[in-house]
Amino acid sequence: MPSSVRVKILAAKDLPVMDRTSDLTDAFAEVKLRDVTHKTDVCRKSLNPEWNSEWFDFEVDDEELQEEPLQIRIMDYDTISAHDAIGKVYIDLTPLVLDEAPKAVSGWYPIYDTLHGIRGEVHIQIKVKFIQDINRFRQSSCGVQFFSSFCVPECYQCHALLGFVEELVVNDDPEYKWIDKIRTPRASNEARQLLFSRLSGELRRRIGLKALEARGNSVVGYRQRFDLEGESGIVVRAIGTIAYLAYSSPSPTAVPLPHGIHESPSPQLTPTDASTGCDDLRQTTVDPE
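Because the structure is predicted, anything quoted here is derived from the model rather than measured.

(A) Molecular detail of the overall build of the protein. Each helix and strand counted, the protein has three helices and 14 strands in total. Going through the 289 residues of the protein one by one, you find that 43% of them count as buried. Accessible surface, the protein: about 15,900 Å² in total, of which carbon and sulfur atoms supply 51%.

See below:
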């Protein structure tokens with residue numbers, strides 16, 4: 001089911017000098033999501049351009065929202081030759097579709113170039129209108145939260161631990177494709193960088209689907225590893241523990257649990273247990289189907 005993503009490019013600062021004759025830059029921005037690209041106007045002769053662009057609109061499915069990063073490329077405009085790349089920003093949109101998350105974000109993001117490093121910052125506003133696909137055959141897992149911590153995150157209460165989960169994804173390495181012999185080092189680096197982001201999103205989506213199948217809503221202790229295996233490709237592995245977590249407000253109220261999951265009284269913590277700083281993981285039982 002399509003969701004709406006709106007992006008506005010406000011300004012940039014501390015850009016590098018791209019025109020040696022004027023010691024300035026004619027900058028513009030390209031905003032891309034999946035196969036749709038929008039461009040701002042060119043801001044002439046400034047290292048701190050202000051575009052205050054219109055809102056650029058995109059429509060994406062749940063699956064694309066999880067796997068495809070929002071790409072912002074800052075370019076230097078050239079009349080005669082090809083435009084020069086200043087740097088790029090990749091933004092993962094999945095945190096904006098969580099239940100407790102704000103549906104809009106605004107801030108300064110570092111502009112990164114794979115050859116020269118950080119080259120300034122860009123001010124971006126993003127709004128997401130998420131319409132979740134309730135089809136039981138859907139391939140997205142939007143709403144499942146991932147935590148690298150092995151303890152229950154602060155402000156959450158664990159009602160169930162539902163088991164270990166693992167997944168892997170394999171893909172060809174773009175640096176070993178024939179086209180890599182004719183493209184520039186920057187283009188080669190960016191192809192790999194984009195692939196890493198997409199594979200990471202795909203892996204989280206698959207892990208999230210397994211969490212939903214187990215009637216969980218979170219994955220704790222999440223770990224992800226990339227293995228570069230030359231001509232054999234890129235292997236991405238992930239592991240974690242499926243959990244059912246509930247947000248714990250200052251005035252806790254009863255939280256409904258999924259069908260088949262029952263909470264048993266939590267055991268008493270010893271002083272040693274309490275000193276670990278980890279929240280109590282309550283014992284649970286899960287009814288078989």
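(B) View of the sheet that holds strand E10 (residues 156-171). What the four strands build is an open sheet, ordered E9-E11-E12-E10; its pairing is mixed. Each edge of the open sheet is held by one strand with a lone partner, namely strand E9 (145-146) and E10. Pairing of strand E11 (residues 218-228) with strand E12 (residues 234-247), which is carried by nine bridges, proceeds in the antiparallel orientation. The residue bridging aspartate 227 from the neighbouring strand is valine 235, located in E12. Strand contacts of helix H2 (residues 185-213): E9, E10, E11 and E12, with the helix running at about 135° to E10, the strand carrying the most contacts.

(C) Inspection of the pairing of strand E1 (residues 3-13) at higher detail. Among the eleven residues of E1, eight are classified as buried, and the element is accordingly described as predominantly covered. When E1 meets strand E4 (residues 56-60), the two strands line up antiparallel, connected through five bridges. Bridge pairing links serine 4 to glutamate 59 in E4.

(D) Structural context of the pattern of salt bridges. Enumeration over the complete set of coordinates arrives at 17 salt bridges. The closest approach of N and O atoms between lysine 39 and glutamate 30, which form a salt bridge, is 3.8 Å. For glutamate 30, a relative accessible area of 19% translates into the label buried. Across the salt bridge formed by arginine 186 and aspartate 113, the nearest N and O atoms sit 2.6 Å from each other. Linking arginine 186 in helix H2 with aspartate 113 in strand E7 (residues 104-113), this pair joins segments that are 73 residues apart in sequence. Of the residues examined, aspartate 113 reaches a relative accessible area of 1% and is grouped as buried. A network of salt bridges, in which partner residues are shared, links Glu30, Lys39, Arg73 and Glu190.

(E) Summary view of the confidence of the model for the protein. Of all residues in the protein, 82% attain a pLDDT of 70 or more, and the chain-wide mean is 83. The low-confidence segment residues 264-289, where pLDDT is below 50, has 34 contacts with residues more than four positions distant or belonging to other chains.

(F) Looking closely at the environment of serine 197. Along the chain, serine 197 falls in helix H2. Given the relative accessible area of 26%, serine 197 is considered partly exposed. Distance in space between the C-alpha atoms of serine 197 and aspartate 92 is 8.3 Å, their sequence separation being 105 residues.

(G) Looking closely at the pairing of E11. Two elements, E9 and E11, share two bridges in a ladder whose sense is parallel. Across the sheet, phenylalanine 146 pairs through a bridge with valine 219, a residue of E11. Connecting the antiparallel pair E11 and E12 is a turn made up of five residues, with glycine 230 showing a positive phi of about 60°.

(H) Inspection of unusual backbone geometry at higher detail. Non-glycine residue aspartate 14 carries a positive phi angle of around 60°. On the secondary structure map, aspartate 14 appears in the loop between E1 and strand E2 (27-33). We classify aspartate 14 as exposed; its relative accessible area is 55%. In this model, aspartate 23 sits at a positive phi of 55°, which is unusual for a non-glycine residue. Its location among the elements puts aspartate 23 in the loop between E1 and E2.

The rules we used
Residues numbered from 1 in each chain as written. Predicted model: local features only at pLDDT ≥ 70, side-chain atom pairs only at ≥ 80, totals over all residues. Heavy atoms only, no water. Helix = DSSP H or I, 4+ residues; strand = E, 2+ residues; numbered from the N terminus. Buried < 20%, exposed > 50% of the residue type's maximum accessible area, 1.4 Å probe, protein only. Areas by Shrake-Rupley, 256 points an atom, 1.4 Å probe, with all protein chains shown as cover. Pairing = 2+ DSSP bridges. Contact = heavy atoms within 4.5 Å. Axes fitted to C-alpha atoms, helices over the stretch in contact; angles between N-to-C directions. Salt bridge = Lys/Arg side-chain N within 4 Å of Asp/Glu carboxyl O. pLDDT = per-residue confidence, 0-100.

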